[in-house]
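Breakdown of the fold
The primary structure of each chain is shown beneath.
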Amino acid sequence: MSAQYKLQGDVAVITLDNPPVNGLGYATRVAVADGLDKAMADSAVKAVVITGGGKAFSGGADITEFGSPKAMAEPNLGSIILMIENATKPVVAALHSVAMGGGLELALACHYRIAAPGTSIALPEVKLGLMPGAGGTQRLPRVLGPETALNMIVTGEAVPSEMLAQQPGQKLFDRMAASPASLMDDALALARSVADVRPLPLVRNLPCSHPRSDAYFQFARNMVAGMAKGLPAPLKCLDAVQWAATLGFDEGRAREREAFVNLMLTPESRALRHLFFAERAASKIPDVPSDTPQRPIKSVAMIGAGTMGGGIAMNFLNTGIPVKILEMKQDALDRGIATIRKNYEAQVSKRKLKQDKYEQRMALLSTTLDYQDIKDADLVIEAVFEEMGVKQKVFEKLDEVMKPGAILASNTSTLDVNKIAAFTKRPQDVIGTHFFSPANVMKLLEVVRGAKTGKDVLATVMGLAKKIKKTAVVSGVCDGFIGNRMIEQYSRQAGFMLDEGATPQQVDKAVERFGFAMGPFRMIDMAGNDIGWAIRKRRAVEYPDMLYSRSADKLCELGRFGQKVSAGWYDYLPGKRDAIPSPLVNKMLEDHRKELGITPRNIPDEEIVQRLVFSMVNEAAHILEEGIASRASDIDIVYLTGYGFPIHRGGPMLYADEVGLFNVVQAMKRFARNPHDDAKFWQPAPLLARLAAQGKTFN
Ligand code: NAD
């Protein structure tokens, strides 16, 4: 039973009961239909109230049924809505906490609605590349007017009930409950007061128009097109609201249904739905049950107040967890604290943070030069220089001073977390927390699981990641973990293409047209070419057989480290970020090709994109097979949240699936025949070859 049926005197109350958010799954829909039948047949019942038990009225579709036949099985939501509209007795929706998606569409079909203050009202389907498909686009404009409804449907954002209730002329709520506690009593009173009203009011019969319809919708269309970034759903949502305002209900509803089905079939919606499920899956670790006990984290210590240390600290301050930062010298501390202040002050001046909140956060921050002052911290995160010798000293010291049970984390981006753990006598307490820069902004956190990392430590860090609003993905130990190990192949390909005749601008443009926020050369100019240079020097020793283009080293030999010195792959005006093609760099590349004896060729954009993306896919297949990542969707999450991979492509693995793994392998075979590329690398990873041969996909 996923809904309860109870009589309260002459009113039947149907309470949705499908925790956590009363998703409208099959069993719930059946129970609602049964309840409605029973109420209509019982002559003692004068009216019906539909509400939700627990923490929501209803969050909409039941996501556990997504994509399964159950999702559409009769009675589907459309049929329940028809039952309500055709009911011979008044049906009142009593909303509280959350009324979203299909839940709100159900309420809009009821004859009356009452809401508790603080109810989140939304039609969020656009966030999954969809639109409301059960009449929401036709009914919401009829109760809130086209403008408010359009804003809500196109953005998918939630609006508090009390705010909507204040809108002049709104018909969404017939009444507001005095408080969440009084909702049921108020709903019963409303139901009794309308028991004899006939004919029963229906939202579908309300008029809907806009006084300057053509001009308004044209204006809205321009705005939405600008925001939509190539995604089809926002404009379809807009179309639907325009149908509500210009066509009759039945015509609008029929068009809505057709548009919904078409959106469901778009690759963009598949990508967004993939992201939605991938984010949920990433928090689950196959051998760490969700009820694994977590260690309490009430205080955090940071070692190092540099670029990363300061940014990481802010995440905890923002959540109310005190942080103490340790450095070697006072001036490094002073610089670090000044940067944190500057970041917060920028938020205050943009009105994104209130002054008192800023002060509260700074009050949680303290500094020290003495390890004795941090010994009681529950978690310590090291973010010192990326040198094993320096990390060794820090971890030996932490092992000596930290209280038993403290979690010892390293923010290393490339070093071996198992080696770092071995510097201590408590490797079970050691873990990698690889934040991305700027650490106070970027969503991604790679949680690096050492060979001996305790399950409770892993569970604790995953839980904490959620608390500080990061998207955490678990990675095993390897050079570069998931993200940087793949980007290494991408960068190598970018280099080979320069040797063959492409310019940095051509490569960047091709990838940006594909949807990346920034091409590889603009990206590395921003991060600093010297960082890659140092990594290549290290790797030249560790992997002497690895092929690289020498062009990036030549660039660094010219001191062109990127934006910070106004010169990298591009020229920059001092203090500006606009990338200006550099004649000097292009000449350097021409000379370099001559030295190599390469006759430049024009590389088509399609080949540029495929070599960059498929090189990552091949590396990712190795990563999957080695168990460094537990699922393909985790790899997509890393790229969607940490590396600017276009959201509407769903990540490198989903993209490869969409292209077809057979085609991906064929392309790799072609690339392997290119004399200027790395033929050995392009041998398809065994997992990829197997899946392609079997006609399967990664996801
Ligand atoms: P940084 O040079 O900006 O800061 C390092 C800080 O550590 C400096 O303030 C330095 O004084 C301090 N420090 C050095 N040795 C110390 C010691 N023994 N005790 C206390 N403090 C010490 O470096 P960063 O960019 O913040 O990088 C820190 C770590 O984070 C590195 O392991 C790096 O690989 C990793 N990381 C960096 C980025 C990035 O984009 N910058 C991204 C992810 C991870």
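Residues numbered from 1 in each chain as written. Predicted model: local features only at pLDDT ≥ 70, side-chain atom pairs only at ≥ 80, totals over all residues. Heavy atoms only, no water.

Structural notes on the sheet that holds strand S5 (residues 98–100)
Read across the sheet, 3 strands follow the order S5-S7-S8 without closing on themselves; strand pairing throughout is mixed. Sheet topology places S5 and strand S8 (159–160) at the edges, where each strand pairs with a single neighbour. Sheet analysis places S5 next to strand S7 (residues 120–122), joined by 3 bridges and oriented parallel. Bridging from a neighbouring strand, valine 98 pairs with serine 120 of S7. (Pairing = 2+ DSSP bridges. Helix = DSSP H or I, 4+ residues; strand = E, 2+ residues; numbered from the N terminus.)

Remarks on the pattern of salt bridges
Within this structure, the stated rule accounts for 46 salt bridges. For arginine 449, the salt bridge goes to aspartate 287, with nearest N and O atoms at 3.0 Å. With arginine 449 in the loop between strand S16 (444–448) and helix H17 (455–467) and aspartate 287 in the loop between helix H11 (267–282) and strand S10 (300–303), this pair connects stretches of sequence that are 162 residues apart. Classification of aspartate 287 as partly exposed rests on a relative accessible area of 34%. Beyond isolated ion pairs, a larger network of salt bridges with shared partners links Asp479, Glu488, Arg538, Arg539 and Glu542. (Salt bridge = Lys/Arg side-chain N within 4 Å of Asp/Glu carboxyl O. Buried < 20%, exposed > 50% of the residue type's maximum accessible area, 1.4 Å probe, protein only.)

Concerning the site of the ligand
Near the ligand there are 20 residues, and of these Met308, Glu327, Glu386, Lys391 and Ser413 occur at the shortest range. The contact in question runs from an oxygen atom of the ligand to an N or O atom on the side chain of asparagine 411, over 2.9 Å. With respect to the ligand, the side chain of serine 413 contributes an N or O atom lying 2.7 Å from an oxygen atom. Of all the secondary-structure elements, those providing two or more residues to the shell around the ligand are helix H12 (307–318), helix H15 (388–401) and strand S15 (430–435). (Near = heavy atom within 4 Å. Polar contact = N/O pair within 3.5 Å; in protein donor to acceptor, adjacent residues only side chain to side chain.)

A short note on unusual backbone geometry
Look at the link from proline 19 to proline 20: it is a cis peptide, with omega at 5 degrees. Turning to its location among the elements, proline 20 is positioned in the loop between strand S2 (11–16) and helix H1 (26–41). The step from arginine 198 to proline 199 runs through a cis peptide bond, and the omega angle for that step is -5 degrees. Its identity is not glycine, yet serine 97 carries a phi of approximately 60 degrees, on the positive side. Positionally, serine 97 belongs in the loop between strand S4 (91–95) and S5. Residue serine 97 is classed as partly exposed on the basis of its relative accessible area, which comes to 29%.

Structural notes on the side chain of threonine 28
For threonine 28, the position within the fold is in helix H1. For threonine 28, the residues in contact, after removing those within four places along its chain, are Ser2, Leu16, Asn18 and Gly23. (Contact = heavy atoms within 4.5 Å.)

What to know about empty space enclosed by the protein
Applying the stated rule across the entire model yields 3 cavities of 30 Å³ or more. As a volume, the largest cavity reaches approximately 60 Å³. Around the largest cavity, the lining residues are Phe316, Leu379, Ile381, Thr433, Phe435, Leu445, Val461, Leu464, Ala465 and Ile468. Elements with a minimum of two residues in the lining of the largest cavity: strand S13 (379–382), S15 and H17. Ranked by residue count, the leading element in the lining of the largest cavity is H17, at 3 residues. Each residue belonging to the lining of the largest cavity can be placed in one class, and the counts come to 9 nonpolar, 1 polar and no charged. (1 Å grid on protein atoms, 1.4 Å probe; cavity = no way out; pocket = protein on both sides within 12 Å on 5 of 7 lines; lining within 4 Å. Points joined across faces, edges and corners; volume = space filled by probe spheres on them. Nonpolar A, V, L, I, M, F, W, Y, C, P; charged D, E, K, R; others polar.)

Notes on the pairing of strand S3 (residues 47–52)
Summarising burial for S3: 6 of the 6 residues are buried, a large majority. Pairing geometry for S2 and S3, over 6 bridges, is parallel. Paired with valine 11 across the strands is alanine 47, a residue of S3. For the crossover that starts at S2, traverses H1 and ends in the parallel S3, the hand is right-handed. Alignment of S3 against S4, held across 3 bridges, turns out to be parallel. Counterpart to isoleucine 50 in the pairing with S4 is alanine 93. On the question of chirality, the crossover connecting S3 to the parallel S4 by way of helix H2 (residues 77–85) is right-handed. (Right-handed = clockwise from strand over helix to strand, strands pointing away.)

Comments concerning the sheet that holds strand S9 (residues 175–176)
Taken together, 6 strands build an open sheet; the order of strands is S1-S2-S3-S4-S6-S9 and the sheet is mixed. Because the sheet does not close on itself, it has two edges, and the strands there are strand S1 (3–8) and S9.

Re the domain arrangement of the protein
For the protein, the assigned domains are domain 1 (3–264), domain 2 (300–475) and domain 3 (483–694). Using C-alpha coordinates to define each centre, domain 1 is positioned 45 Å away from domain 2. (Domains from an automatic or database assignment.)

Examining the packing of helix H25 (residues 632–642) against helix H26 (residues 652–659)
Direction vectors running N to C along H25 and H26 enclose 115 degrees, while the axes themselves pass 7 Å from each other. Mapping the contact onto sequence places Ala632, Ile635, Asp636 and Tyr639 in H25 and Pro652, Met653 and Leu654 in H26. Here the residues of the contact of H25 with H26 sort into 6 nonpolar, no polar and 1 charged. (Axes fitted to C-alpha atoms, helices over the stretch in contact; angles between N-to-C directions.)

Side note on the packing of aromatic side chains
Enumeration according to the criterion identifies 14 aromatic pairs in this entry. Centroid distance phenylalanine 514 to phenylalanine 645: 5.9 Å. Interplanar angle 85 degrees. Geometry classified as edge-to-face. Pair noted here: phenylalanine 514 is in helix H19 (residues 504–514) and phenylalanine 645 is in the loop between H25 and H26, with a separation of 131 residues, a long-range link. Across the pair, phenylalanine 645 and phenylalanine 514 agree in class, each one buried. Ring geometry for phenylalanine 516 against phenylalanine 645: centres 5.0 Å apart, planes inclined by 70 degrees, an arrangement best described as edge-to-face. With phenylalanine 516 in the loop between H19 and helix H20 (520–527) and phenylalanine 645 in the loop between H25 and H26, the pair connects residues that are 129 residues apart, well separated along the chain. (Phe/Tyr/Trp six-rings, centres within 6.5 Å; stacked < 30°, edge-to-face > 60°.)

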